[in-house]
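Remarks on the overall topology
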Amino acid sequence: MPKQPYAAVIALFRFAVGLAFAVLIFSVLVQVLGRSVFNRSPVWTEELTRFALLYLTAFGVGLSYRSGDLVNVDIVSEALPGRLPFILRFVSAAATVVLCAALIVPSWRFAMIGNFQTSPALGWQMSYIHGAMLVLIGSLLLFALLRALAMLTGRSEGRPVSDADTPQ
Amino acid sequence: MSLAILIGVFVGGLAAGIPVAVTLGLASMCYLLSAGIPLVVMPQKMYAGIDVFVLLSIPGFILAGNLMNHGGITERIIRLANALVGWMRGGLGLSNVAGSMLFGGISGTAVADAASIGGVMIPGMKKVGYPGDFSAAVTAASSTVGPMIPPSVPMIIVGSLSGISVGRMFMAGAIPGILLGIAMMVTTYVIAVRRDFPHQPWQGFAELGRSFLSAFWALAMTALIVGGLLSGMMTPTETAVVASVYAFIVGVFIYGELPLMKVPKVVIDSAISSAAILALVGFANVFGWILVSERIPQMVAEAVLSVTDNKFLVILLINLFLLFIGMFMETIAALIVLFVPLLTLAQSVGVDPLHFATFAVLNLMIGLTTPPVGVCLFVCAGIARLPLAPVVRAIAPFLLTNIIVLLLVSYFPVFSTWLPSLIFD
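To keep things clear, this report deals only with the structure shown in the data block. Residue numbers run consecutively from 1 along every chain, following the written order of its sequence. As a convention, the first chain written is A and the first ligand written is 1, with the rest following in written order. For a predicted model such as this one, the threshold for reporting local features is a pLDDT of at least 70, and the threshold for listing and counting side-chain atom pairs is 80 or more; totals across whole chains, interfaces and linings nevertheless cover every residue. Processing note: side-chain calculations cover all non-hydrogen atoms of the structure and skip hydrogens and water entirely.

1. Describing the interface of chain A and chain B
If you look at the interface, chain A gives 51 residues, while chain B gives 52 residues. Two parts placed together each lose some accessible area; with a 1.4 Å probe, that loss summed over both constitutes the buried area. Between chain A and chain B, a total of about 4400 Å² is buried, with carbon and sulfur atoms accounting for 80% of that surface. Considering only the surface of chain A that becomes buried against chain B, Arg14, Phe21 and Val73 of chain A emerge as the three largest contributors, covering 14% of it. The term salt bridge refers to a side-chain nitrogen of Lys or Arg lying within 4 Å of a carboxyl oxygen of Asp or Glu. The tally of links between chain A and chain B comes to three salt bridges. Any pair of nitrogen or oxygen atoms within 3.5 Å is treated as a polar contact; in protein, a donor-acceptor pairing is required on top of that, and neighbouring residues in sequence qualify only through side-chain atoms on both sides. On the surface where chain A and chain B come into contact, there are seven residue pairs in polar contact (both at pLDDT 80 or more). Per the convention used, a helix needs a DSSP run of H or I reaching at least four residues, while a strand needs a run of E reaching at least two, with both numbered from the N terminus. It is helix H2 (residues 44-67) of chain A that contributes the most residues to the side of chain A that touches chain B, 13 residues altogether. Taken together, the residues that form the side of chain A that touches chain B break down as 32 nonpolar, 13 polar and six charged. When checking whether two residues touch, look at their non-hydrogen atoms; a contact exists if any pair is within 4.5 Å. Under the scheme applied here, ten amino acids are nonpolar (Ala, Val, Leu, Ile, Met, Phe, Trp, Tyr, Cys and Pro), four are charged (Asp, Glu, Lys and Arg), and all others, including Gly, are polar.

2. A look at the packing of helix H10 (residues 166-195) of chain B against helix H20 (residues 414-424) of chain B
Residue and element names in this part refer to chain B. H20 packs onto H10 with a crossing angle of 135° between their chain directions and a minimal axis gap of 7 Å. Considering their axes alone, H10 and H20 lie oblique with respect to each other. Between H10 and H20 lies a crossing whose hand is right-handed. Residues Gly167, Arg168, Met171, Ala172, Ala174, Ile175, Pro176 and Leu179 of H10 form the contact with H20, whose participating residues are Phe415, Ser416, Trp418, Leu419, Pro420, Ile423 and Phe424. Considering only residue class, the contact of H10 with H20 consists of 12 nonpolar, two polar and one charged. Whenever a helix is involved, its axis is fitted only over the stretch in contact; in every case the axis is a line through C-alpha atoms, and angles between N-to-C directions fall within 0 to 180 degrees. Angular relationships are summarised with four words: roughly parallel below 35 degrees, roughly antiparallel beyond 145, roughly perpendicular across 65 to 115, and oblique for the angles in between. Helix crossings fall into two classes, left-handed where the near helix is turned counterclockwise from the far one by less than a right angle and right-handed where it is turned clockwise.

3. With respect to the packing of aromatic side chains
Whether two aromatic rings pair depends on their centres lying within 6.5 Å, for rings of Phe, Tyr and Trp, where Trp uses its six-membered ring; planes under 30 degrees apart make the pair stacked, over 60 edge-to-face, and the rest tilted. Tallying each qualifying case throughout the model produces 20 aromatic pairs over all chains. Their ring planes at 55° and their centres at 5.3 Å tell us that Tyr130 of chain B and Phe197 of chain B sit as a pair that is tilted. One end of the pair, Tyr130 of chain B, is in the loop between helix H7 (110-127) and helix H8 (132-143); the other, Phe197 of chain B, is in the loop between H10 and helix H11 (204-231), and 67 residues separate them in sequence. What makes Tyr130 of chain B buried here is its relative accessible area of 4%. The buried label goes to any residue with under 20% of its type's maximum accessible area, the exposed label to any with over 50%, and the partly exposed label to all in between, with areas taken from a 1.4 Å probe on protein chains only. By relative accessible area, Phe197 of chain B is classed as buried at 4%. Considering the side-chain rings of Trp202 of chain B and Phe205 of chain B, the 5.1 Å spacing of their centres and the 75° angle between planes classify their relative orientation as edge-to-face. Accessibility expressed as a relative area gives 41% for Trp202 of chain B, which makes it partly exposed. Feature note: the residues Phe13, Tyr55, Phe59 and Phe143 of chain A constitute an aromatic cluster, connected by ring pairs. Residue placement shows Arg83 of chain A over the ring face of Phe86 of chain A; its charged tip is 4.1 Å from the ring centre. Only lysine NZ and arginine CZ atoms are considered, and such an atom sits over a ring when it is within 6 Å of the ring centre and within 35 degrees of the ring normal.

Right, dumping it as structure tokens:
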């Protein structure tokens, strides 16, 4: 059991992104095996694969921000003297927070538009699928906020990290 | 005014070190606010950008490459490459390039290639007397072959942007990829002769056979991927997932070098890498939509065509522009933002979309090895424990080679269009 709240958040998101990927793999394999071995082609697999990809992106984007997989161009910002690189790293985290905070309500509205639709094959209400964008924005907001707070409290330099020990 | 805000925020955000995806989002948001367009357009366009059938294959190909990478293929591929070309002057340098070509058929990204091959080859080359700067340079330069030889993440992205099938895109990159590899081997050999680099003794056909058998299961994945796509029996997504299952079986059960306990971490890390690419695609789709609504592709085309409508010069201008952008911008981001405007320009002078897509990807791959932000250059200099400057000097002849191949592929469409036409038409 993770001791720190941030470690629990990381573990939760890692589990969720892994689960989304597992659903994607399962769904594709059902399609391949169904067609080639059992001579049956389920219609729902393509839809489930697409939905799994949307949630894989949604849960994974915050972690990719944390690990640095969400690439940036730091050749200028990191070459500056003194505390300027630190300040720009903070500006970067703050800008991410601002973008995501501004997009939370629009993402919620977009999810609600899905209330009027259901997916053709699975019959799922599309608000749950459109909701992947809300999760995406929320996950990015959460990890950017964690980094900004860790920098403000002097517990992080604001650089990408891949271990679960750094509080961001 | 709104357009100036879009470009200003984009350039400022990149310079400040804000992640490219976030910068694209910020610039788009500022544009929408200044133009009075509701922000709900953003999640809508992001959703539409990610929910594209072709992109479903990206996580699968990344996972297949990572599983193979953790499953002990690197040493086997290098052993085979050594047995093939290690006996020639500069043999380890040639093995390095050959290894990248073989590895390129398994992994879809250049950085994975640079890190995997470099991790083994650079220390190995230094140990037998190769200069560290040359060892790092040849590894970085040859890693650009990877994304040209199928499978290739950038080619999948281009497929999603242009509507060209992934199978065609993969086949279009194959010959330029092989050409690039051969050209890099020639360059390595010439440098090796001039600088009197060592060579290893010929290890005999028995070792060649043994090393081939040892690497067989890894190399067979390339055949599985290409065969799966070309046979029409599987979609790119299905091919990618089947390749992942295959890589899992090879790594865990055949080679026995991938502990089962490690698999969940590899799966999750691959998902995170994929999420970064897909989020970038999502944010870039909003940005791209704004560019199209502002008729930027047409404006770029008209501006260039007002100067010249000579096909030769337009191709040259596109290449110079992409080489410049590739020096500063991440490959996939550059592709997503610039592909559509430049395709419009290229098509207006009669360039085939498949041909354009191939030389655009090849061009941006070169950016991975050019200062100041060439990722592969940094990775290899880091492995060699060298500052960037000597590696930049050592990579210069390889860059020249890359540019010669780029010009060949740019001015002779047959390199990119012949194989797809042969197979698909």
